Amino acid sequence: MKIKNDSKLKSQIFTLLFCLSLLGLPSYLLSQEPDKGKENTSQETKSKDEKEPSGESNDTDKSSGIKVTGKRESDRGQMSDIEGTNIYSGKKSEVIRLDKVNANLALNNSRQIYAKVPGITIWENDGSGIQPGIGARGLSPNRNWEFNTRMNGYDIASDVFGYPEAYFNPPPEALEKIEVVRGAASLQYGSQFGGMVNYVTKKADPTKPFRIEMKNTGGSYNTTNSYTGVSGTVGKFSYFAYYHNRSGDGWRDNANYKTQSGHFNIAYQATEKLKIAIEMTKSYYESQQPGGLTDMQFWENPRQSRRTRNWFSAPWNIPAMIIDYNQSSTARFQIKVFGLYGERNSVGVTSAPNTEDAINRSTLDFSNRQIDRDWYRNYGMEARQIFDYSFLDKNHTLSFGVRYFNANTDRIRNPNGTTAGNYDIRELSQPECFDGTTKCRTVDLKFSTLNYAAFAENLFRITDKISITPGVRYEWVRTTGSGRINEKLPSSSNIFGGEVPPREFQRKQVLYGVGAQYQITKSTNFYANYSQAFRPVTFAEIYGASATLNEVDPNLRDQKGYNTDGGYRGKFGHWLQFDLGVFELRYNNRVGLLPGALPGNTNTNFVTNVGDSLHRGAEGYLEIDPLLAFTDSAPFGSVSFFTSSANVNARYVRWEQSASAFTNPGNNLTNIKNNFRVGNLVENAPSQIHRYGLTYHFKNTFSITYLISYSGMTYSDAANTTVPTANGQVGVIPSYTVRDVSFKWNFYESFSLNGGVNNLTNEKYFTRRAGGYPGPGILPGEGIFYYLGLSAVF
């Protein structure tokens, strides 16, 4: 039955949604917890086919609430050859269009959001969706630290060189798209092996002075999520802003959380060519950490928690200014100035899960909790220029730029936190310490990173179909560290009394790369790329997590290597989209600890380059709508199938042996062999990653997706330990299969419903064994979860 245009009904729904958004109690009545037991080459004039690689129509009003088009729009695409001031020709890339994705955006479910990006490994231990954790091609997913993580093109991670972990993730409801560029991004954006992930926020509505979008979602375990975004254009000014909050009890015991974030962008079109925008993003969250489990505890009940007093928070503030100057239809200049002022705070009991957090009989109180805090103060600038020029009767494109980045980190650790169970990061006073204070911190360090960089890439169009893009990047990096560790009075064995002699590392790196592309048809091409990468030694690799200063190899070398890939990608009409390719990644001079490798001292851990790894594999994405292969008419809807798969063989091909393996008479040949890693699989690198999906579409009104995600077995350590340790920190990570269902229904003009079930079969699985915080031990994946949301746009 068709619902008539009832303005009174529309007004009532609007009022209800607006009140719920302000109260932060969106769809609370929907929350119900299940049983806890269960060739024009200028940048301004691209062809329609180049702009829309995924086959969507361009005749829709993108500012309207619900889009109604003749063709189904795709949720996946790739970067155009040129976008803005950047060149992507010959590079492997993916674009995820968030407003088209059938996924649990409210909880930032990564396996659903990245379902069509082959080879992405995900740490799924954070059910709140607050912190990102993805990797690719056998690299660690630890808080995106092998990726250059950006938002709107500027850095949002802690310190891209010294401590490259990302503690902030913008809410997916606020995003227009996510751009993923693989290893070839190392020349344009920085030297990370994994490539670049860029979160692109929504833009101002250019057609009206005020537009409001509201999304309210409720789910299992008292989960509530509310997003409100406003935008518009008034004269030469345009704006976009959002406010987001989410809270829940969590699937596991002791896993409640609350998060809030906000963002605004105000732009001024000063002239026809000059646009100036300022942005500010602010985020704050507190999440209780249920801690890790041993293997026995996990198989008994993965929802249990042995830690009631562990907490984590990360206030994050990111200001930015972006200046765009279009000098002509074939030349553009952009400058971005950005900063980051944030914290990483944790408090809790960090002992192994087989050690009980019990009340002390003598004090009748719990033990003091350990406090770990970081303060980040970063600022930087990137300037880029791109222009077209003619040479030998062909148009070519040159892109070049410079970068300045300055990061400062203060890090402390204090075992004298409170004995309470709530979030409390106060440091209790102690008898006077060596430095005259009463803090008695076991760690009190200061780090800094200074980086200058420059790059250039040139897109040479050899023929109408063949193009080659060589590039070069120069990096100058200086990192410093100073402070105190395990402070005590000086002695003959510890002449500094815990003071760390100031350390400084400087390096200069020149990276090269080249890409090529052969256009088979207007919508399909072959691509190939080779790019060098490097990763400087990080703070965590120099200063041990156990608050000890490791002996550092004076000849410590940066981690260097390369990414190379190639494939065939594109689309045929509206019925087939694909990207099939192969890759090789070489990761040389990996940094790690070798026991007894220090000459003359076989009892000391030595930070040095431990070996090389080689990652090879095949990645494939294929999506087909068989009905649209034969007809453009689908009065009863259509069904599409997709697969996103990767086979990865990541192994150690060189390993440094520790001196104690040969000099210690207690070591036999078996022990020496066990310490030898050549041929072992790289840790946290599953060899099989497959995601399969089936989606039914009815015009642009209704769609439902069934997703199957499979990840193969992997190891948690380079030794490939099969028998798990008693504390659960080391051992096999078994293979697992998770099934999800999600839907979207645009039921009435500007209103829509979305919902689904995560982990439909309540699979018992885990993706991570943590050696430290937020564990240590096994960190289980989330069980079954229901959600339902209501959205409106006016």
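Computed from a prediction, not measured in an experiment: that's the story for all the values here. (Residues numbered from 1 in each chain as written. Predicted model: local features only at pLDDT ≥ 70, side-chain atom pairs only at ≥ 80, totals over all residues. Heavy atoms only, no water.)

Section: the overall build of the protein
Across its full length, the protein carries seven helices and 38 strands. Scored against the burial criterion, the 794 residues of the protein give a buried share of 58%. Approximately 32,100 Å² of the protein is accessible, and the part contributed by carbon and sulfur atoms is 57%. (Helix = DSSP H or I, 4+ residues; strand = E, 2+ residues; numbered from the N terminus. Buried < 20%, exposed > 50% of the residue type's maximum accessible area, 1.4 Å probe, protein only. Areas by Shrake-Rupley, 256 points an atom, 1.4 Å probe, with all protein chains shown as cover.)

What to know about unusual backbone geometry
Of note, the bond from Y773 into P774 is cis; its omega dihedral lies within 30 degrees of zero at 5 degrees. With an omega of 0 degrees, the peptide bond running from G775 to P776 counts as cis. Topologically, P776 is positioned in the loop between strand 36 (766-770) and strand 37 (777-780). Of note in the backbone geometry, E749 takes a positive phi value of approximately 45 degrees without being a glycine.

Focus on the side chain of T469
By secondary structure assignment, the location of T469 is in strand 22 (residues 466-485). What T469 contacts, discounting residues up to four positions off in sequence, is I87, S89, E457, N458, L459, G513, V514 and G515. (Contact = heavy atoms within 4.5 Å.)

Observations regarding the packing of aromatic side chains
Counted according to the given criterion, the structure contains 32 aromatic pairs. With centroids separated by 4.9 Å and ring planes inclined at 55 degrees, the aromatic side chains of Y568 and F578 adopt a geometry described as tilted. Linking Y568 in strand 26 (residues 559-572) with F578 in strand 27 (residues 576-595), this pair joins segments that are 10 residues apart in sequence. Here Y568 falls in the partly exposed class, since its relative accessible area comes to 24%. (Phe/Tyr/Trp six-rings, centres within 6.5 Å; stacked < 30°, edge-to-face > 60°.)

Observations regarding the sheet that holds strand 10 (residues 195-201)
Spatial ordering of the open sheet is given by 1-4-9-10-7-8, a layout of six strands whose pairing is mixed. Since the sheet does not close on itself, it has two edges, and those belong to strand 1 (76-77) and strand 8 (154-155), each with one partner. Sheet topology note: the strand 1/strand 4 (residues 93-97) ladder contains two bridges and is antiparallel. In the strand pairing of strand 4, G77 is matched with V95. (Pairing = 2+ DSSP bridges.)

Some details on the nonpolar core
Ranked by internal contacts, the top residues of the largest apolar core, which has 58 residues, are Y114 and I178. With four residues, strand 17 (residues 316-328) is the largest single contributor of residues to this core. In this structure Y114 touches I96, I120, I134, I178, V180, V197, Y199 and R691, once residues within four positions along its chain are discounted. Of all hydrophobic cores here, the second largest spans 10 residues; its members include Y652, W655, V682 and A685. (Core = buried A, V, L, I, M, F, W, Y, C linked by side-chain atoms within 4.5 Å.)

Considering the pattern of salt bridges
Enumeration according to the criterion identifies 42 salt bridges in this entry. Measuring nitrogen to oxygen at the nearest pair gives 2.9 Å for the salt bridge that ties R332 to D324. There is no split in this pair, since R332 and D324 are both buried. Residues R373 and E343 are paired through a salt bridge, measuring 2.9 Å at the closest nitrogen-oxygen approach. Residue R373 is found in strand 19 (residues 370-391), and its partner E343 is found in strand 18 (residues 331-348); the two are separated by 30 residues along the sequence. On the basis of relative accessible area, E343 is assigned to the partly exposed category, the value being 22%. (Salt bridge = Lys/Arg side-chain N within 4 Å of Asp/Glu carboxyl O.)

A closer look at a nonpolar patch on the surface
Together, F237, F264, I266, Y268, I276, I278, M321 and V337 line one region of the surface with nonpolar side chains, adding up to about 630 Å² of accessible area. With three residues, strand 14 (residues 257-269) is the single largest residue contributor to the nonpolar patch. Counting through the fold element by element, I276 comes out in strand 15 (residues 274-288). Taking relative accessible area as the criterion, I276 reaches 30% and is therefore assigned partly exposed. (Patch = residues over 30% accessible without salt bridge, like charges linked within 9 Å, V, L, I, M, F, W, Y side chains within 5 Å.)

Concerning the pairing of strand 22
Pairing geometry for strand 21 (residues 443-461) and strand 22, over 17 bridges, is antiparallel. When the sheet's bridge partners are listed, N451 is paired in strand 22 with V477. As paired elements, strand 22 and strand 23 (residues 499-521) share 18 bridges and run antiparallel to each other. Pairing of T469 across the sheet is with G515, part of strand 23.

Let's talk about the environment of Y389
Structurally, Y389 is set in strand 19. Along the chain, Y389 and T330 lie 59 residues apart, while their C-alpha atoms are 8.2 Å from each other. Among all residues touching Y389, those that are not within four sequence positions of it are K394, N395, H396, T397, L398, N458 and F460. In terms of polar contacts, Y389 uses its side chain to reach the side chain of N458, at 3.0 Å. (Polar contact = N/O pair within 3.5 Å; in protein donor to acceptor, adjacent residues only side chain to side chain.)

Concerning the environment of Q112
Relative to the assigned elements, Q112 resides in helix 3 (residues 110-113). Setting aside its immediate chain neighbours within four residues, Q112 contacts V101, A103, N104, L707, D740, N758 and Y787.

Things to note about the confidence of the model for the protein
Interpretation of this model should avoid reading the predicted coordinates in detail wherever pLDDT is low. Per-residue pLDDT for the protein has a mean of 85; in total, 82% of the residues score no lower than 70. Across residues 12-70, where pLDDT falls below 50, the model places 132 contacts with residues more than four positions away in sequence or in other chains. Ignoring residues within four places in sequence, the model shows residues 545-549, a span with pLDDT below 50, making 15 contacts including any to other chains. (pLDDT = per-residue confidence, 0-100.)

A closer look at the pairing of strand 13 (residues 237-248)
Here strand 12 (residues 223-234) pairs with strand 13 via 11 bridges, running antiparallel. Paired with V230 across the strands is A241, a residue of strand 13. Counting the residues that bridge the hairpin from strand 12 to strand 13 gives two residues, and of these G235 lies at a positive phi of roughly 60 degrees. Summarising the sheet, strand 13 and strand 14 pair through 12 bridges and their orientation is antiparallel. The residue bridging S238 from the neighbouring strand is A267, located in strand 14.

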